[in-house]
Amino acid sequence: MYFPYDFESFPLGKGPMVMLVLFLISCFFIFAPAEEEGEKIEFWVFAPTHYNEYQARLPIFQAQNPEIDVKLINYGNAMHDKLLTAFLSDFGAPDIVEVEITSIGRFLKGAIDEVGFVDLRPRLENEGWMDKLVQSRFTPWSYKGRTYGIPHDLHPVVLLYRDDLFKAAGVEMTEIETWNDFIDAGKKATRDLDGDGTIDQYAIVLDNKSDSDYFNLLLQRGAGFFEADGNVVIDNEIAIDTLAFFVSLFNEHEIATPVYGTWHGDPSNYAAMQDGQILSILAPDWYLGLLKSQVPQMAGKWKAIRMPAWEQGGRRTTTRGGTMIGITKHSKNPELAWELLKFTYFDTDGLTNRYETTSIIPPLKDAWDAQIYKEPDEYLGGQRIGELFIELASDIPPRYQNPYWSEAADLLNDAIFNAVTEKQTPKEVLTSLAEKVRTIIAKDQERWEKMQ
Amino acid sequence: MRKIKNDGKKCSDYCLFRFYFLYPKWEDWMKTATVKSRYWHQQQKIAPYLFIAPFYILFAIFMGYPLISSLIMSFFEMRGFQSRIFVGFGNFADLLRDPIFWKSLWNTTYFALGTLVLQLPIALFLAVLLNAKFVKGKNFLRLAFFTPVLVAGVFVAIIFNLIFDQRAGMINNEFVLFGKEIGWLNDTRFVMPAVILTGVWQWAGYNMIFFLAGLQGIRQELYEAAAVDGANWWQSFIHITLPSLRPVIAFVVVVSMIGSFQLFDLPFILTNGGNPSDSGTTIVMYLYKNGFQFMRLGYAATIGWVLFVIIAAISIVQLKLLGIFREE
């Protein structure tokens, strides 16, 4: 067949010809109408462990609801930024999304009616879910009386410790009840083993550069950065006293070592644990899961007790980290999204599977009867850790959420570091921190009032 | 098929056929050329603009629009996701009084200076070394020094986190510097030096390639003539190599400075977001924090524009100093 065109005779040459063809083909794909399938639900997550869990269990949901087509996407760490952009541009937001506890604050800024998540409280109350979940765990996901998410977890904190090394120092950790007991025990266990003048093992590792451990102690005492109504309370007496105690563990009692690396989950920190330089750590349930997957060779070396209390009979746990699931206002199918949400968060089989893979205790009380929580944990030398977590679960302190959490936490990190390195006293750092955060909030308020 | 008289030049029937295929109405146009001459002229005027239009349209959509809207944004502040408030120069005024901004500006400048006085001389040294005749295995070494730039910044940061660790890290364990442990990532004084050293490891080999290319462009006769005149190695380096490399040096310096002022991923991972005490926060990190973590898009846009002005000013000064605007 005679065809007048060949690649070489295209007026601009071969390259542009190929580009033109590719351009036309891609135009076809872009403008071709999308195939009509069933109802689509887009579901964004940021944690690979969650992604794997849901991915494995979605076929069950699809079998029950063949008309719903679920698109599960793991955007990793960039997910919160993507969600923010989607809300800002009013385009491309998912139907359901998981949000991390330190990231939700920024989504609550502005007028309460403009928040991008659906208030789930009416649904939870109508269907009777509210009482089946741990109440205090709604505080991180609620603001001004609305509940924007359902908790994924409780994240109770225990004290993980090296039984062998404490015993070698003559300390029986199960007898510890208060922080004062711990200080006494810690002084015995913090030792220079080879006599070279440097301490070889510290009783506890604490993060002196970020809020994690200090904020945990604060929550344990029922305090926090913000109150439920949004007031800044980081400069109250409890907060100052707690920071003074935190600093004293490093400087006065010298039983704490700063975290090796940037945070507790850093390889350097794991290395120090394996070398026996760290004898204990405040660990939420997910951190135990992390240890199991990152340092499996330490199986059998750790044991867990309740956190030391501030006074006899006081609360012996706290909470660190967390995730919620919420429905966005952009969802065209909130009813279907709600069904999927219940499947991922309230299905006992799924929750059992979650504990098996990540050691995370669910906030749904009905799920706690499962056999798996009563089984001995080999990693902790056969201790029934599930039972301990569940025992602590009802005592989880509230952690009130606030739109200014990101700013507050950023400044809190600096304050803790300055106090531990003794640049300023705990009272000075916290007073000036509270002042700064109040100024930021007041400035916004002033601007908004001017606008109205 | 109509046929046009072939005036004996190189165009064959096939060529003419193609011509018809492309411009079937060519003959008609020519006939009506006088009538339609105005249209023809217009078309001739418009055609070049149409040809360059795709670039300008894409530029306007993907560069012009965001630039202008971010400039506008810097005079506003967001209130939540849906409304914004005009604050005039309020953001700029806040910025001048913001200690963390000044700190991040200083950190960034510190890194840029580190790049200038440490990384680029090392890159030049490596280039001279790998250009010398006596070095064996040049290709392998060039590749080896270049390789770090191919590693993503995140991985580099994770590796160097291990290397800089105060107690378990390689640097403090293998080389006891100044007779004591340095808290590279725990001591506010050493955080930026740690970032600079990591930068040297990652980018020196990359800049070395530019210097190598420059070195290979220097005429060999110059060195021979200098040798005849009795110049030693150092004298030829100072009087031949460096002046001949001036355009390359100018390019590398300006590009590295711009890159330094845009530093983000390396310190972000290495210092876990700038800790401790914002000693590792750079301007772009602070911009990111404000824009995405604090939802202060107006303030972030302001930081972006201030950064733009700083980079532009520094680049112009550098180009002036390096004599790029000088008439040769």
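Just so we're clear, the structure is a prediction, and the values are computed from it rather than from any experiment. (Residues numbered from 1 in each chain as written. Chains lettered and ligands numbered in written order. Predicted model: local features only at pLDDT ≥ 70, side-chain atom pairs only at ≥ 80, totals over all residues. Heavy atoms only, no water.)

1. With respect to the overall build of chain A
Moving on, step 1. When helices and strands are counted, chain A shows 15 helices and 12 strands.
Moving on, step 2. Along the longest, intermediate and shortest principal axes, the C-alpha atoms of chain A span 95 × 60 × 55 Å.
Moving on, step 3. For chain A, the accessible surface area stands at approximately 19200 Å², while carbon and sulfur atoms represent 53% of it.
Moving on, step 4. Both charge centroids of chain A, one from 42 positive and one from 69 negative side chains, sit 2 Å from each other. (Helix = DSSP H or I, 4+ residues; strand = E, 2+ residues; numbered from the N terminus. Areas by Shrake-Rupley, 256 points an atom, 1.4 Å probe, with all protein chains shown as cover. Lys, Arg positive; Asp, Glu negative; His and termini not counted. Charge placed at Lys NZ, Arg CZ, Asp CG, Glu CD.)

2. What to know about the pattern of salt bridges
Moving on, step 1. Applying the stated criterion across every chain, the model contains 28 salt bridges over all chains.
Moving on, step 2. Between E335(A) and R123(A) there is a salt bridge; the shortest N-O distance is 3.3 Å. Taken as a pair, E335(A) in helix α11 (residues 334–346) and R123(A) in helix α4 (residues 121–126) lie far apart in primary sequence, 212 residues in all.
Moving on, step 3. Shared partners join several salt bridges into a network, and the residues in it are K109(A), E407(A), D444(A) and R296(B). (Salt bridge = Lys/Arg side-chain N within 4 Å of Asp/Glu carboxyl O.)

3. Regarding the interface of chain A and chain B
Moving on, step 1. The interface of chain A with chain B comprises 46 residues on the first partner and 44 residues on the second.
Moving on, step 2. Carbon and sulfur atoms make up 53% of the area that chain A and chain B hide from each other, which totals about 4000 Å².
Moving on, step 3. Taken as a group, L88(A), E114(A) and R447(A) account for 15% of the area that chain A buries against chain B, more than any other trio of residues on that side.
Moving on, step 4. For the interface between chain A and chain B, the tally reads 5 salt bridges.
Moving on, step 5. Summed over the shared surface of chain A and chain B, the result is 15 residue pairs in polar contact (both at pLDDT 80 or more).
Moving on, step 6. If you list the elements that add at least two residues to the side of chain A that touches chain B, you get α3 (79–89), β9 (256–258), α9 (267–274), α14 (405–420) and α15 (426–451) of chain A.
Moving on, step 7. Per element, the largest residue contribution to the side of chain A that touches chain B is 8 residues, and it comes from α14(A). (Contact = heavy atoms within 4.5 Å. Buried area = accessible area lost by both parts, 1.4 Å probe. Polar contact = N/O pair within 3.5 Å; in protein donor to acceptor, adjacent residues only side chain to side chain.)

4. Quick look at the packing of helix α7 (residues 212–220) of chain A against helix α8 (residues 237–251) of chain A
All names here are of chain A.
Moving on, step 1. Where α7 contacts α8, the two axes come as close as 10 Å, and the packing angle between them is 130 degrees. Taken together, the axes of α7 and α8 are oblique relative to one another. The handedness of the crossing between α7 and α8 is right-handed. Residues D213, Y214, L217 and L218 of α7 form the contact with α8, whose participating residues are I238, A239, T242, L243, F245 and F246.
Moving on, step 2. In terms of residue class, the contact of α7 with α8 is made up of 8 nonpolar, 1 polar and 1 charged. (Axes fitted to C-alpha atoms, helices over the stretch in contact; angles between N-to-C directions. Parallel < 35°, antiparallel > 145°, perpendicular 65-115°, else oblique. Left-handed = near helix turned anticlockwise from the far one by under 90°. Nonpolar A, V, L, I, M, F, W, Y, C, P; charged D, E, K, R; others polar.)

5. Description of the environment of A304(A)
All names here are of chain A.
Moving on, step 1. Locating A304 in the fold gives a position in strand β11 (residues 302–306).
Moving on, step 2. The exposure class of A304 is buried, given its relative accessible area of 4%.
Moving on, step 3. The spacing of A304 and W286 is 18 residues in sequence and 14 Å in space, taken between C-alpha atoms. (Buried < 20%, exposed > 50% of the residue type's maximum accessible area, 1.4 Å probe, protein only.)

6. A closer look at helix α6 (residues 179–189) of chain A
Moving on, step 1. The set of residues buried in α6(A) consists of W179(A), F182(A), I183(A), A185(A), G186(A) and A189(A).
Moving on, step 2. Tucked into the core, α6(A) has its buried residues touching β7 (157–162), α5 (163–168), β8 (204–206), α7, α8 and β10 (280–284) of chain A.

7. Structural notes on the packing of aromatic side chains
Moving on, step 1. For the structure shown, the criterion picks out 45 aromatic pairs over all chains.
Moving on, step 2. With 5.0 Å between their ring centres and 45 degrees between their planes, F215(A) and W405(A) make a pair best called tilted. With a gap of 190 residues between them, F215(A) in helix α7 and W405(A) in helix α14 connect regions that are remote in the sequence.
Moving on, step 3. Judged by its relative accessible area of 3%, W405(A) is buried.
Moving on, step 4. Here F164(B) and W184(B) contribute two aromatic rings whose centre-to-centre distance is 5.2 Å and whose plane-to-plane angle is 50 degrees, an arrangement assigned as tilted. Taken together, the residues span a long stretch of sequence, with F164(B) in helix α7 (residues 153–164) and W184(B) in the loop between α8 (170–174) and α9 (191–216) at a distance of 20 residues.
Moving on, step 5. For W184(B), a relative accessible area of 7% translates into the label buried.
Moving on, step 6. Among the aromatic residues, ring-to-ring pairing joins F146(B), W203(B), Y206(B), F210(B) and F251(B) into one connected group.
Moving on, step 7. Directly above the ring of Y75(A) sits K82(A), whose terminal nitrogen or CZ lies 4.9 Å from the centroid.
Moving on, step 8. A cation over an aromatic ring shows up here: R354(A) above the ring of Y345(A), its NZ or CZ 5.2 Å from the ring centre. (Phe/Tyr/Trp six-rings, centres within 6.5 Å; stacked < 30°, edge-to-face > 60°. Lys NZ or Arg CZ within 6 Å of the ring centre and 35° of its normal.)

8. Details of the nonpolar core
Residues and elements named next belong to chain A.
Moving on, step 1. Y214, F225, I234 and L430 are the most contacted members of the largest nonpolar core, which totals 96 residues.
Moving on, step 2. The contact partners of I234, leaving out residues within four places of it in the chain, are Y214, L218, G224, F225, A239, L412, L430, L433 and A434.
Moving on, step 3. Core analysis: the second largest hydrophobic core is formed by 34 residues, V134, L160, Y287 and I390 among them. (Core = buried A, V, L, I, M, F, W, Y, C linked by side-chain atoms within 4.5 Å.)

9. Structural notes on the domain arrangement of chain A
Quite often, the size of an interface is put as the accessible area lost when its parts meet.
Residues and elements named next belong to chain A.
Moving on, step 1. Under the domain assignment used here, chain A contains domain 1 (39–154 + 321–374) and domain 2 (157–320 + 398–448).
Moving on, step 2. Using only C-alpha atoms to locate each centre, domain 1 and domain 2 end up separated by 29 Å.
Moving on, step 3. Contact with domain 1, which involves 21 residues of that partner, is made by 18 residues of domain 2.
Moving on, step 4. Applying the counting criterion to the domain 1 and domain 2 interface returns 1 salt bridge.
Moving on, step 5. The salt bridge partner of E407 is K109, with a shortest N-O separation of 2.5 Å.
Moving on, step 6. For the pair domain 1 and domain 2, the interface holds 8 residue pairs in polar contact (both at pLDDT 80 or more).
Moving on, step 7. Along the lines of polarity and charge, the residues of the side of domain 1 that touches domain 2 split into 8 nonpolar, 10 polar and 3 charged. (Domains from an automatic or database assignment.)

10. Structural notes on the sheet that holds strand β6 (residues 150–151) of chain A
Residues and elements named next belong to chain A.
Moving on, step 1. Read across the open sheet, the 5 strands follow the order β2-β1-β3-β12-β6; overall the sheet is mixed. In the strand order of this sheet, the two ends are held by β2 (68–74) and β6, each with one partner.
Moving on, step 2. By the bridge criterion, 2 bridges tie β6 to strand β12 (residues 323–327) in an arrangement that is antiparallel. Across the sheet, the residue bridging to I150 is I325, located in β12.
Moving on, step 3. Sitting on the sheet, helix α2 (residues 48–64) touches β1 (39–45), β2, β3 (96–100) and β12, and the angle it makes with β2 is about 170 degrees.
Moving on, step 4. Each of β1 and β3 is contacted by α3, which is oriented at about 125 degrees to β3, the strand it contacts most. (Pairing = 2+ DSSP bridges.)

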